[in-house]
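Listed below are the residues making up each chain.
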Amino acid sequence: PLSLSGAENVLAEQGYNAAETLGYLPEQALSVLIGRNASNENEMQAFFFTHGEYIGTDASEPSRQVGIVGRNGDEITLAYGLYAASGESVGISSVIFKLVNGQLVTLSPVPSETSRGG
């Protein structure tokens, strides 16, 4: 499994810096690092790992705000900031990510790129 610094290198290879590292537990079946785009502070993305091996991101496009709000075994709950077309914050949406047979699945849909401020 990757150490924290090794996992941070995975983010760096994709142009992100680790913004939230408490969710990275390489011994766990599922863990996550929240990254902030190194060239655009308004872009964040969640990077998932299983037993310290990178398996993918939460969405194909970044979010304006995402953070870890819960963990329960092989599930991680992320909260996304929601934004109106004007850019005004209009709330949050929580999404549970779960590891099922080695695959990352969501138990509810990730908000659209537009509503996540993308």
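A quick note: this is a predicted structure, and the numbers were derived from the prediction, not measured.

Help me understand the pattern of salt bridges, please; the structure alone is not making it clear to me.
A side chain of one charge can pair with a side chain of the opposite charge when the charged atoms of the two come close. Taken as a whole, this structure holds three salt bridges when the rule is applied. Between Glu41 and Arg36 there is a salt bridge, with the nearest N and O atoms lying 3.6 Å from each other. Note that Glu75 is salt-bridged to Lys98, the shortest N-O span being 3.4 Å. Here the residue Glu75 occupies a position in strand β6 (residues 75–83), and Lys98 occupies one in strand β7 (residues 89–100), the gap between them amounting to 23 residues. Look at the salt bridges and you will find they share partners, linking Asp74, Glu75 and Lys98 into a network.

What should I look at first to understand the side chain of Ser63 in this one?
Within the fold, Ser63 resides in the loop between β4 (53–57) and β5 (66–72). By relative accessible area, which is 2% here, Ser63 ends up buried. Excluding its chain neighbours within four sequence positions, the residues that come into contact with Ser63 are Asn42, Glu43, Met44, Asp58, Tyr80 and Arg116.

Help me out: how do you make sense of helix α1 (residues 4–13) in this one?
One full turn of an α-helix is made of 3.6 residues, so residues set three or four places apart face in the same direction. Within the span of α1, buried status applies to Gly6, Ala7, Val10 and Leu11. Buried residues of α1, viewed axially, fall in a sector of 155 degrees; they line one side. Check the buried side of α1 and you find it contacts β1 (16–20), β2 (31–37), β3 (44–50) and β4.

I'm lost on the sheet that holds β4 in this one. Help?
Hydrogen bonds along the backbone pair up the strands of a sheet, which may run parallel or antiparallel. Overall, antiparallel pairing links the four strands, which are arranged β1-β2-β3-β4 in an open sheet. Edge positions in the sheet fall to β1 and β4, since each has one partner strand and no second. Here the average twist between neighbouring strands, direction ignored, is 40 degrees. Packing against the sheet, α1 makes contact with β1, β2, β3 and β4, and its axis sits at approximately 45 degrees to β2.

Just to check I follow, could you spell out the packing of aromatic side chains for this structure?
Any two aromatic rings considered together are summarised by their centre-to-centre distance and by the angle between their planes. With the rule as written, the count across this model stands at five aromatic pairs. Between Phe48 and Phe97, the ring centres sit 4.8 Å apart and the planes meet at 35 degrees, which makes this aromatic pair tilted. With a gap of 49 residues between them, Phe48 in strand β3 and Phe97 in strand β7 connect regions that are remote in the sequence. Judged by its relative accessible area of 1%, Phe97 falls in the buried class.

Help me understand the environment of Gly87, please; the structure alone is not making it clear to me.
On the secondary structure map, Gly87 appears in the loop between β6 and β7. Overall, the relative accessible area of 27% leaves Gly87 in the partly exposed class. In sequence terms Gly87 and Gly118 are 31 residues apart; their C-alpha atoms lie 9.9 Å from each other.

Before we go on, may I ask you to explain the sheet that holds β5 in this structure?
As summarised here, the arrangement of the four strands in space is β5-β6-β7-β8, forming an open sheet in which the pairing is antiparallel. Looking at the sheet topology across the chains shown, the edges are occupied by β5 and β8 (103–106). Neighbour-to-neighbour, the strand axes of this sheet turn through a mean angle of 30 degrees, independent of strand direction. Pairing of β7 with β8, which is carried by four bridges, proceeds in the antiparallel orientation. Residue pairing across strands places Leu99 opposite Leu104, the latter belonging to β8.

Definitions and cut-offs
Residues numbered from 1 in each chain as written. Predicted model: local features only at pLDDT ≥ 70, side-chain atom pairs only at ≥ 80, totals over all residues. Heavy atoms only, no water. Salt bridge = Lys/Arg side-chain N within 4 Å of Asp/Glu carboxyl O. Helix = DSSP H or I, 4+ residues; strand = E, 2+ residues; numbered from the N terminus. Buried < 20%, exposed > 50% of the residue type's maximum accessible area, 1.4 Å probe, protein only. Contact = heavy atoms within 4.5 Å. Arc of directions from axis to C-beta. Pairing = 2+ DSSP bridges. Axes fitted to C-alpha atoms, helices over the stretch in contact; angles between N-to-C directions. Phe/Tyr/Trp six-rings, centres within 6.5 Å; stacked < 30°, edge-to-face > 60°.

The values are spatial; any link to function lies outside them.
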